[in-house]
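Commentary on secondary and tertiary structure
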Amino acid sequence: MIEYVDICVGLAWGDEGKGKIVSQLTKDYDYVCRWAGGDNAGHTIYINDNKYSTHLIPSGVFHGIKSIIGPGCVINIDSFMKELDYLKNNGFDTSLIKISPKAHIVTDEHIKKDMNKYKELIGTTARGIGPCYMDKYARTGKRVNEYKNILEEFIWDETLHGKVLCEGAQGIWLDIDYGNYPFVTSSNTLPYSACSLGFPPQKIRKIYGAIKIYDTRVGIDPDFPENLRDNKELAQIAEIGNEYGTTTGRLRNVNYLNVDKLIKALHYSGTTDLIISKIDILEKVKVYKYIYKEQIYIFSSSEELLDSLKKIIKENNNYVSNIILSRSPKKI
Ligand code: IMP
Ligand code: MG
């Protein structure tokens, strides 16, 4: 019996610090599950001052909790094996990791296609994600159950019990439907899509929504023009905030927090618990601004900015019942 399901989702373009949040929550659950995407994601977590990063495997494994890669995910077997070795070498119990037999396999052909076409066109991570989903929806893809020999010990029996945490990959504005199409990823990043793991929506209890106090974007997006990099304040936030992609090492474009988009993201996601991180970065740079109704608002302190932000959220949303501030880098 499933008791309840909580979901952690990124409310922006990925890189909102979900890895850290999930790994702080994990100990209270029986399962940690991924529902979409593949090794295009990058999760960074700290345990006892050691930094770890994974791309595919859910972070439950760092805490001795069963970690499921769901049917909506896509698996590059080589990078899965590499990640397994990495986890094993660092002393983690990899027998906790299970993969849905329905998940799709990313092939070398998919990666080639992504490299040769979509990397340039869309600014993808070139991990073969889009072409793999193309085959999935064309019904010509290969699923994990066809690779039983290699993956046999990892095949999930498709059951969940007790308390379940679902770990979002990417973020709401990279969703195939809700993002700035075609500059999106090829899967559903909204929390409803976590139900593809095989539980009914009634089981969902909390939605943890993650944002940073400023926006960042990797890859091509006309809403994040290159000239943002000429803005000295934003460049400083990028530098002090260490805004480089975990997966590709690319410099992220930075902008002030877009509050209009945040309000929409809170609405689409049904966020009950909002987690805002990296406030300390603004404090270091001493820039306290956000964008609201297409205007830049300037504040004199982080408290003033946050008070105003909380007021706007309260006026526009009645799902959010908790706002949590998380300063970085915070170790667990
Ligand atoms: P793809 O998922 O590799 O096809 O890339 C599509 C778009 O999503 C590109 O703009 C990528 O930069 C972006 N993207 C994919 N995964 C992530 C992620 O985990 N964090 C941030 N951006 C991502
Ligand atoms: Mg990430």
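In this report, the structure presented in the accompanying data block is examined. (Residues numbered from 1 in each chain as written. Chains lettered and ligands numbered in written order. Predicted model: local features only at pLDDT ≥ 70, side-chain atom pairs only at ≥ 80, totals over all residues. Heavy atoms only, no water.)

Side note on the pairing of strand β15 (residues 295-298)
For strand β14 (residues 289-292) and β15, the ladder comprises four bridges, and the chain directions are antiparallel. Each bridged residue has a counterpart across the sheet, and for tyrosine 290 the counterpart in β15 is tyrosine 297. The loop that links β14 with its antiparallel partner β15 comprises two residues; one of these, lysine 293, has a positive phi angle of about 50°. (Pairing = 2+ DSSP bridges. Helix = DSSP H or I, 4+ residues; strand = E, 2+ residues; numbered from the N terminus.)

Quick notes on the site of ligand 1
In the vicinity of ligand 1, 16 residues are found, and the nearest of them are Asn40, Thr125, Thr185, Arg217 and Arg250. Separating an oxygen atom of ligand 1 from a side-chain N or O atom of threonine 125 is a distance of 2.6 Å. Its free accessible area being 470 Å², ligand 1 has 96% of it covered by the protein chains. Within the shell around ligand 1, the residues separate by chemical class into five nonpolar, eight polar and three charged. (Near = heavy atom within 4 Å. Polar contact = N/O pair within 3.5 Å; in protein donor to acceptor, adjacent residues only side chain to side chain. Areas by Shrake-Rupley, 256 points an atom, 1.4 Å probe, with all protein chains shown as cover. Nonpolar A, V, L, I, M, F, W, Y, C, P; charged D, E, K, R; others polar.)

Quick notes on the packing of aromatic side chains
Going through the model one piece at a time under the given rule, you end up with ten aromatic pairs. Centre to centre, the rings of tryptophan 13 and phenylalanine 224 are 4.7 Å apart; their planes meet at 75°, and the pair counts as edge-to-face. Taken together, the residues span a long stretch of sequence, with tryptophan 13 in the loop between β1 (2-10) and α1 (18-25) and phenylalanine 224 in the loop between β11 (214-217) and α6 (232-240) at a distance of 211 residues. In this structure, tryptophan 13 and phenylalanine 224 share a single accessibility class: buried. Taken together, a centroid distance of 4.6 Å and an interplanar angle of 55° make the contact between tyrosine 178 and tyrosine 268 tilted. (Phe/Tyr/Trp six-rings, centres within 6.5 Å; stacked < 30°, edge-to-face > 60°. Buried < 20%, exposed > 50% of the residue type's maximum accessible area, 1.4 Å probe, protein only.)

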